[in-house]
Amino acid sequence: MAVFCKIVAFSKQLKLISSSNKPAENSLNKKVLLIENQSLMIGFHFRGNCRMEMIIQWIIIIGAAWFILSRFMPAKGISNITTQEAKNKFSEKNGAQFIDVRTPGEYKANHRKPFKNIPLSELANKSADLDKSKEVVVICQSGMRSMKASKILKKKGFEKVNNVKGGMGAWV
């Protein structure tokens, strides 16, 4: 049988009254009510600042959401293309540059021509060997490293950069 107690007074010693108006005897009930009392005390302490706390919480939530979304959104000037669109660029006469940013081992195990292997770790140094005015198509295994590579190339001044969504894993 549960005994429902209410808090009668806030003082150094907590006075507990059961639903039958008798002092609560059960030590377990006293511990539970002490925990409830502490949460009530915290609630009363922050009651005046509730609106400010809510505003701060929303600012933090919005900031975290923006940070997460900005990591997955392509940078300005970077296009996400499908593997089929990448295949179509093979036959175009615009002289696009095809870069595979996977490791040499991954590249040797499975690659497509005309992609040239420039590992992501070496891309910043070897980007000088590429033509900044030509279109660039970047691929990796899943699309994450190629997105990082695309952002590096864009910062280096490349005009048209394409990231292959899904990478070699989506290649059919």
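Residues numbered from 1 in each chain as written. Predicted model: local features only at pLDDT ≥ 70, side-chain atom pairs only at ≥ 80, totals over all residues. Heavy atoms only, no water.

1. Considerations on the sheet that holds strand E6 (residues 136–139)
Spatially, E3-E7-E6-E4-E5 is the arrangement adopted by the 5 strands of the open sheet, whose pairing is parallel. Edge positions in the sheet fall to strand E3 (78–81) and strand E5 (116–117), since each of these pairs with one other strand and no more. Sheet topology note: the strand E4 (residues 97–100)/E6 ladder contains 4 bridges and is parallel. Residue Asp100 lies in a different strand from E6, and its bridge partner there is Ile139. Across the sheet, helix H3 (residues 83–91) touches E3, E4, E6 and strand E7 (161–164), and the angle it forms with E3 is around 105°. Packed on one face of the sheet, helix H6 (residues 144–155) meets E3, E4, E6 and E7 and runs near 175° to E7. (Pairing = 2+ DSSP bridges. Helix = DSSP H or I, 4+ residues; strand = E, 2+ residues; numbered from the N terminus. Contact = heavy atoms within 4.5 Å. Axes fitted to C-alpha atoms, helices over the stretch in contact; angles between N-to-C directions.)

2. Re the nonpolar core
Core analysis: the largest hydrophobic core is formed by 14 residues, its most contacted members being Ile99, Val101, Val138 and Leu153. Put simply, the parts of the chain that give this core at least two residues each are E6 and H6. With 3 residues, the top contributor of residues to this core is H6. Setting aside anything within four residues of it in sequence, one finds Leu153 in contact with Ile99, Leu123, Ser127, Leu130, Val136, Val138, Phe158 and Val161. Among the nonpolar cores identified, the runner-up in size contains 10 residues, and Ile81, Ala96, Val164 and Trp171 belong to it. (Core = buried A, V, L, I, M, F, W, Y, C linked by side-chain atoms within 4.5 Å. Buried < 20%, exposed > 50% of the residue type's maximum accessible area, 1.4 Å probe, protein only.)

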